[in-house]
Each structure stands twice: as C-alpha cells, then as structure tokens.
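Fold and contact review
Okay, here's what each chain looks like letter by letter:
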Amino acid sequence: QKQQASQEQLQQQRQRLIEQRQGLLGDQDPDREEQRLTTALEAAEKQLEQTRQALTEAQQAREKLHTRRQELEQALAGRAEPLARAEKDFQQHLAAADFAEEAEYLAACLPEDQRRRLQGQAQQLADEEAALTATHRDKTRQLQELQEQQLTTIGKEELQQQLAAREEQRRAVQEQIGAVKQKLQDNRQLRQKQEQQAKLLDTQRRECARWDLLHELIGASDGKKFRNFAQGLTFEMMVGQANRQLQRMTDRYLLLRDPLRPLELNVVDNYQAGEIRSTKNLSGGEAFLVSLALALGLSRMASRNVRVDSLFLDEGFGTLDDEALDTALETLAGLQQDGKLIGIISHVPALKERIATRIRVVPQTGGRSHLSGPGITFM
C-alpha cells in the first residue's frame, strides 16, 4: 500500500511535470530545445564576456580621460592668474595706445603676411646694423693701431704726389699686362695653328711612310727594283717546281733562294749535314742535275698557260757518272710517259745504247751536215 501510495504520488508529480513541460514547450522536442537553449546560453556567455571586456576598456579610457581632465583643469588653474595679468597688461597697453577696445586694436593691426615681411626686414636691418657696427669697431681699432705705429712722417701733399706716381706706375703696369695678354692670345692662336699644321704634318708623314714602304718594296727610278720583286715572285715559284723535279731525281739536293741576292740560287746538300752551297762550286754533274730540274720546273710553269709538249736538252750528259746518268734518263723517261716529246742533243757515246730513237748528224765539207735516222727524207 505504501508503495502504491508512493507510486500514485510519483504519477501525480510526473503528470504535473508533463503539464508544466507542455506549458513551457508545447509539442517541441525537449532534447532539441535543450540543445538550442544550450547554444544560445553559450553565445550569451560569449557576448557577456565581450561586453565585460568592452566595459573594462571603456572604464580604462574613462580613467585616462578623467586623469587628462584633471591635468587640463590644473593647467587652466595655473594659467588663470598669468592670463589675468596679461589681460590687465593688454588693457593698459590699449589705453596707452588710445584704443577704446580690442576690436579697434585688431582693426588697426597689419595683415599677417605684411607683418611677417616687415619683421623679416627688421631682422635683416638689425643684422646689417650689427655687421656694420662690428666693421666700424674693427676699422676704428685698425685705424688706432695704424696711428699708433706712425708708419710715415711725410706730409699729405708729398703722399699725394707719391700716390699719383704709383697710380701712373699702376697704369703702365696695366698696359704691360694688356700687351702680355695680347701676346698670350696671339700665342694661343699660333699654337692652335701649329697644332693644326702638326696634324696635317702627321697625316703627310703617314702618307709618306706608306709611299716609302711601297718604294722600299718595289720602287726605283729605272724600275729595276720592281722587276726584281716581280721576278723574285716568279723565281720563287720556279724554285718550288724545280725542287719537286729535283726530288724525283735525287734526295741529296734542295734549291734555295739566296737571301742577299734574291735572283740567285744556293743548294742545300743533305749529304753534308744540310750545308748551304753556292751553285758556282757545283761539279759538272751536279750543275747538270740542277739545270735539268730548273728547266723541267720552268716547263711546268709554262704549261699552266701554254701547252709544252716538247723539250730539247743540249749537251751536259758527258759530265754525269753512270748513276747520275741513269737518274736523269729515268726522269726524262717519266716525262715521255706523260706525253712529252724529249729530245737530247749530245755527243756522248754511252747514250747511244740507252736511246733507241736517234737522229745522227754527220758534218760535211763546206759547212754542211748530213742527217740520218727515222723520219728523215731527202727531196
């Protein structure tokens, strides 16, 4: 029974709570409403905190303003007495200047810009006055010092005469200075002209140097120097061609132009440690080989412009030994294989065995000769 009575009380209490809840919330969801109210409470607490911070800052600002107000009040209290004295003095000055009131005084005052300009002028005049006063004081002191020194005992008239003489000397010196200045001006003009002439002279010197160089290379009154120069170029080419032919015959000799006499030859003897010999001390066989090489080199040069198909050699084979003779004949045979017609004029019997095609010349009486050989016919 006690439990039932307690249960009935609890049910009644629950019913009252339900009615209260419905009166407060109606049909709303309690959990959702609780969440909403919780969120609103948190926002209100944040707003309250911000409001408290703003209140604190406002209180601090009010305290600062209150402190500033007290300072200003103290400053005003401190300036009240000087201001009253200044007002009293101002009224006395107005009365002394015959001004009835402040408005009349203000009407009589100068404009601000004009007042500043006049103040500047007054300051400038004051500065000039101070400078003049200082200058006057210094000059007075200097005059006193000079008077105390008693530099001269000459009278005023004599001093004036001396001053006139000094003035005359000064004018003479000025005239001399003018003359010297004129001379300096003339000297500057002459120097400018000299510089121009020097430039022209330098130009002429460069031009003359160019012509001197050309004259040194090829110039001479009879044209000999130019001929030697041109012949030297051709001779250089011929020596090159001759060395090519000479190398085919022997590896002992090499032709070289004489540095002191450009149109003369020297011979480099490779069998004598490269000794440079003059062509004048060559033996007969050596001279023949060199002459043959030069002739073949010349024919090579001529064949560039004119076809040279025939080459005749007159004598010289008698000075050759067997080895040199073989070398010369092999060289000539090589030219024959290149399509050249080689003719040898010689009285050496050894050539008869080496040359198959021969034309024999037999001298006759009365300065006549008889020819025999292939292709010889008599009319």
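Before going into details, it helps to say that this report is about the structure given with it. Just so you know, these numbers come straight off a predicted model, no measurement behind them.

Definitions and limits used
Residues numbered from 1 in each chain as written. Predicted model: local features only at pLDDT ≥ 70, side-chain atom pairs only at ≥ 80, totals over all residues. Heavy atoms only, no water. Helix = DSSP H or I, 4+ residues; strand = E, 2+ residues; numbered from the N terminus. Rg over C-alpha atoms; globule rule 2.2 N^0.38 Å. Contact = heavy atoms within 4.5 Å. Areas by Shrake-Rupley, 256 points an atom, 1.4 Å probe, with all protein chains shown as cover. Lys, Arg positive; Asp, Glu negative; His and termini not counted. Charge placed at Lys NZ, Arg CZ, Asp CG, Glu CD. Patch = residues over 30% accessible without salt bridge, like charges linked within 9 Å, V, L, I, M, F, W, Y side chains within 5 Å. Salt bridge = Lys/Arg side-chain N within 4 Å of Asp/Glu carboxyl O. Buried < 20%, exposed > 50% of the residue type's maximum accessible area, 1.4 Å probe, protein only. 1 Å grid on protein atoms, 1.4 Å probe; cavity = no way out; pocket = protein on both sides within 12 Å on 5 of 7 lines; lining within 4 Å. Points joined across faces, edges and corners; volume = space filled by probe spheres on them. Nonpolar A, V, L, I, M, F, W, Y, C, P; charged D, E, K, R; others polar. Pairing = 2+ DSSP bridges. Axes fitted to C-alpha atoms, helices over the stretch in contact; angles between N-to-C directions. Expected span 1.5 Å × (residues − 1). Bend = angle between axes of the 7 residues up to and from the residue.

For the protein chain, the count of helices and strands is nine helices and seven strands. Over its C-alpha atoms the protein chain spans a radius of gyration of 69 Å, topping by over 25% the 21 Å that the globule rule assigns to 379 residues. With respect to the principal axes defined by its C-alpha atoms, the protein chain has extents near 180 × 150 × 45 Å. A separation of at least 24 residues holds for 43% of the contacts in the protein chain among residues at least 6 apart in sequence. Of the roughly 31200 Å² that the protein chain leaves accessible, carbon and sulfur atoms contribute 52%. Positive and negative side-chain charges of the protein chain, numbering 53 and 58 respectively, have mean locations separated by a distance of 9 Å.

So, on to a negative patch on the surface. A contiguous patch of negative charge, built from Glu87, Asp98, Glu101, Glu102 and Glu104, is present on the exposed surface. In this structure, glutamate 102 sits in helix α3 (residues 102-108). For glutamate 102, a relative accessible area of 41% translates into the label partly exposed.

Per the counting criterion, the structure on display carries twelve salt bridges. Between aspartate 202 and arginine 205 there is a salt bridge; the shortest N-O distance is 3.8 Å. A residue pair is termed a helical-turn pair when its members lie 3 or 4 positions apart in one helix, as aspartate 202 and arginine 205 do in helix α5 (residues 156-218) at three residues. Among the residues examined, aspartate 202 registers a relative accessible area of 33% and is labelled partly exposed. Residue classification places arginine 205 among the exposed residues on the basis of a relative accessible area of 52%. Taking the shortest distance from any N to any O, the salt bridge between aspartate 269 and arginine 277 comes out at 3.0 Å. Taking the relative accessible area as the measure of exposure, aspartate 269 reaches 0% and is therefore buried.

This brings us to the layout of surface pockets. Of the voids in this model, the largest pocket is the one considered here, and its volume is about 1100 Å³. When contributions to the lining of the largest pocket are tallied by element, the ones reaching two or more residues are α8 (322-337), β5 (341-345), α9 (350-354) and β6 (360-363). Considering every element that reaches the lining of the largest pocket, the biggest residue donor is β5, with five residues. If you add up the space inside the second largest pocket, you get close to 310 Å³. Looking at the second largest pocket, it is lined by 15 residues, and the ones nearest its centre are Thr250, Leu289, Asp321, Glu323 and Ala324. Elements with a minimum of two residues in the lining of the second largest pocket: α7 (284-302) and α8. Residues that form the lining of the second largest pocket fall into these classes: six nonpolar, five polar and four charged.

Take the sheet that holds strand β3 (residues 275-278) next. Strand order in the open sheet made by the three strands is β1-β2-β3, with antiparallel pairing throughout. A strand with exactly one partner marks an edge of an open sheet, and here the two such strands are β1 (253-257) and β3. With strand direction ignored, the average angle separating the axes of adjacent strands in the sheet is 35°. The pairing of β1 with strand β2 (residues 265-269) spans five bridges and is classified as antiparallel. Paired with arginine 257 across the two strands is leucine 265, which belongs to β2. Contacts between helix α6 (residues 224-249) and the sheet are confined to β1 and β2, with β1 contributing the most and set at about 175° to the helix.

What follows deals with a nonpolar patch on the surface. There is a patch of nonpolar side chains on the surface, built from Phe226, Phe229 and Leu233 and spanning about 290 Å² of accessible area. Examined against the element boundaries, phenylalanine 226 turns out to sit in helix α6.

With that settled, consider the pairing of β6. With four bridges connecting them, β6 and strand β7 (residues 369-372) associate as antiparallel partners. If you follow arginine 360 over to β7, its bridge partner there is serine 372. Hairpin connection from β6 to β7: five residues lie between these consecutive antiparallel strands, with glycine 366 at a positive phi of about 80°.

Bringing helix α2 (residues 30-96) into the picture now. Over its 67 residues, α2 extends 92 Å from the first C-alpha to the last, a length consistent with the 99 Å expected when each residue adds 1.5 Å. Where α2 bends most, at alanine 80, the angle is about 35°, and the proline proline 82 comes one to four residues later. Two residues or fewer past α2, aspartate 98 is found with a positive phi of approximately 60°.

On to the environment of glutamine 74, then. For glutamine 74, the location among the structural elements is in helix α2. Separated by 31 residues in the primary sequence, glutamine 74 and tyrosine 105 place their C-alpha atoms 32 Å from one another.

What follows covers α8. Over its 16 residues, α8 runs 22 Å from end to end, which matches the ideal 22 Å to within 8%, given 1.5 Å per residue. Residues of α8 that are buried: Ala324, Leu325, Thr327, Ala328, Leu329, Thr331, Leu332, Gly334 and Leu335.

Without other data, these values stay purely geometric and don't point to any function.
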